Amino acid sequence: MHLHKYEKWWLVFGCGTLVAFLIILGIGAFHNGTHPNNSKKTINYEKVNEIAPFNNPGIHKVKGKEWDYEVVIVASAFYYDPPVIEVPLGAKVKFIATTKDVIHGFQAAGTNINMMLEPGYISEYVAEMNQAGEYLIVCNEYCGTGHTAMHSMLKVVNENATESH
Ligand code: CUA
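The paragraphs below set out a description of the structure included in this document. For clarity, every value in this text was computed on a predicted model and none was experimentally measured.

Cut-offs applied
- Residue indices begin from 1 for each chain and proceed along its sequence in written order.
- Only residues with pLDDT of at least 70 are given local features in this predicted model, and only at 80 or more are side-chain atom pairs given and counted; all residues enter the totals for whole chains, interfaces and linings.
- Side-chain numbers come from the whole structure's heavy atoms, not from hydrogens or water.
- A helix here means a DSSP run of H or I that spans at least four residues, while a strand means a run of E at least two residues long, and both kinds are numbered starting from the N terminus.
- It is over C-alpha atoms that the radius of gyration is taken, and the globule rule equals 2.2 Å times the number of residues to the power 0.38.
- For each residue, the accessible area found with a 1.4 Å probe, counting protein chains only, is set against the maximum for its type, and the residue is called buried under 20%, exposed over 50%, and partly exposed in between.
- Definitions used for this entry: grid spacing 1 Å over protein atoms alone; cavity, a set of points where a 1.4 Å probe fits but cannot get out; pocket, an open set with protein on both sides within 12 Å along at least 5 of 7 lines; lining residue, one with an atom within 4 Å of a point.
- Grid points are joined across faces, edges and corners, and a volume is the space filled by probe spheres set on the points.
- Amino acid classes used here: Ala, Val, Leu, Ile, Met, Phe, Trp, Tyr, Cys and Pro are nonpolar; Asp, Glu, Lys and Arg are charged; the rest, including Gly, are polar.
- Pairing between strands requires that DSSP locate at least two bridges from one strand to the other.
- To get an axis, fit a line to the C-alpha atoms, keeping to the stretch in contact for a helix; angles then go from 0 to 180 degrees between the N-to-C directions.
- Within this document, salt bridges are pairs made up of a side-chain nitrogen of Lys or Arg and a carboxyl oxygen of Asp or Glu, the two lying within 4 Å of each other.
- In summary, the pairing rule links any two rings of Phe, Tyr or Trp, Trp by its six-membered ring, whose centres are within 6.5 Å, and it sorts them by plane angle into stacked for under 30 degrees, edge-to-face for over 60 and tilted for everything else.
- For a helix, the expected span equals 1.5 Å multiplied by the number of residues minus one.
- Throughout this description, the term nonpolar core refers to a set of buried Ala, Val, Leu, Ile, Met, Phe, Trp, Tyr and Cys residues connected via side-chain atoms within 4.5 Å.
- Note on contacts: a residue pair qualifies if any of its non-hydrogen atoms lie within 4.5 Å across the two residues.

Some details on the overall build of the protein
Part 1 of the reasoning: A tally of helices and strands in the protein yields one helix and eleven strands.
Part 2 of the reasoning: Starting at the N terminus and ending at the C terminus, the protein contains elements arranged as α-β-β-β-β-β-β-β-β-β-β-β.
Part 3 of the reasoning: For 165 residues, the compact-globule formula gives about 15 Å, and the C-alpha radius of gyration of the protein, at 22 Å, lies well above that figure.
Part 4 of the reasoning: Seen through its C-alpha atoms, the protein measures out along the principal axes to roughly 85 × 40 × 35 Å.
Part 5 of the reasoning: Looking at the 165 residues of the protein, the share that counts as buried comes to 32%.

Encoded structure:
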């Protein structure tokens, strides 16, 4: 089989870039330990329901920490526990989340809150709730047939607002 000179160069270039990118990816993953953003804390995903704080999902007011509230979230196909999160305006909130089964996402649309929830890992994110409103929480990792129905709501409530009007 005869290959044109330019075609050979192009094949070498194509294969070469593939190999180069795989090497870069490999160094990043195995040598530098690049990993989706999480707290580096691990958990036995089969026993999430028994392990603190995930044995008590919900919104918890805390004292003596850098944040005012801890929101503990357990994701599983295809819902979040708790289904609705309500926090007061101005609160500093630490979101602590994990999954009981497959990879899920946890993204509050219109905010910087966007975590990948991986089986066996705990994802954490601290955010200040400085804009009142309702933010749709969506799963942004394809997780199965119920993926599109997997959502929740983050409500940031101004408790000082007068209800007279
Ligand atoms: Cu959970 Cu997609």
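So, the layout of surface pockets
Part 1 of the reasoning: Put simply, the largest pocket is a space of about 170 Å³.
Part 2 of the reasoning: In this structure, the largest pocket is lined by G110, T111, N112, I113, A127, E128, M129, N130, Q131, Y135, L154 and V156.
Part 3 of the reasoning: Secondary structure elements with two or more residues in the lining of the largest pocket: β9 (121–128) and β11 (151–157).
Part 4 of the reasoning: For the lining of the largest pocket, the per-class residue count stands at six nonpolar, five polar and one charged.

Topic: the sheet that holds strand β8 (residues 114–117)
Part 1 of the reasoning: Across the sheet, five strands lie side by side as β5-β11-β10-β7-β8; this open sheet has mixed pairing. The outermost strands of the open sheet, each flanked by one partner alone, are β5 (84–88) and β8. Each strand of the sheet is rotated relative to its neighbour by a mean of 15°, with strand direction disregarded.
Part 2 of the reasoning: In terms of strand pairing, strand β7 (residues 104–108) meets strand β10 (residues 133–138) through two bridges, oriented antiparallel. Within the sheet, the bridge partner assigned to Q107 lies in β10 and is V138.

Focus on the pattern of salt bridges
Part 1 of the reasoning: The tally for this structure, following the rule as stated, stands at three salt bridges.
Part 2 of the reasoning: Of the charged contacts in the structure, one is a salt bridge between K41 and E124, with a shortest N-O distance of 2.9 Å. Here K41 is found in strand β1 (residues 41–42), whereas its partner E124 is found in strand β9, with 83 residues between them in sequence.
Part 3 of the reasoning: Assessed through its relative accessible area of 39%, K41 is described here as partly exposed.
Part 4 of the reasoning: Judged by relative accessible area, E124 falls into the partly exposed class, the value being 25%.
Part 5 of the reasoning: A single salt-bridge network, built from bridges that share partners, covers K41, K94 and E124.

Observations concerning the packing of aromatic side chains
Part 1 of the reasoning: Counted according to the given criterion, the structure contains four aromatic pairs.
Part 2 of the reasoning: Their ring planes at 85° and their centres at 5.6 Å tell us that Y80 and F106 sit as a pair that is edge-to-face. With Y80 in strand β4 (residues 79–81) and F106 in strand β7, this pair connects stretches of sequence that are 26 residues apart. We note that Y80, like F106, is buried.
Part 3 of the reasoning: By relative accessible area, which is 1% here, F106 ends up buried.

Here's the deal with helix α1 (residues 5–31)
Part 1 of the reasoning: Compared with the 39 Å implied by 1.5 Å per residue over 27 residues, the 37 Å span of α1 between its first and last C-alpha is a close match.
Part 2 of the reasoning: Downstream of α1 by a residue or two, G33 has a phi angle that is positive, lying close to 65°.

A short note on the nonpolar core
Part 1 of the reasoning: Core analysis: the largest hydrophobic core is formed by 25 residues, its most contacted members being F95, F106, M129 and L154.
Part 2 of the reasoning: For this core, the elements supplying multiple residues, two or more each, are β3 (69–76), β5, β6 (92–99), β7, β8, β10 and β11.
Part 3 of the reasoning: For this core, the leading source of residues is β3, giving four residues.
Part 4 of the reasoning: Apart from residues no more than four positions distant in its own chain, L154 is found in contact with I85, V87, F95, A108, I113, M129, G133, E134, Y135 and I137.
Part 5 of the reasoning: Core analysis: the next-biggest nonpolar cluster, separate from the first, contains seven residues, I43, V48, V74 and I122 among them.

Keep in mind that these numbers describe shape and distance, not what the molecule does.
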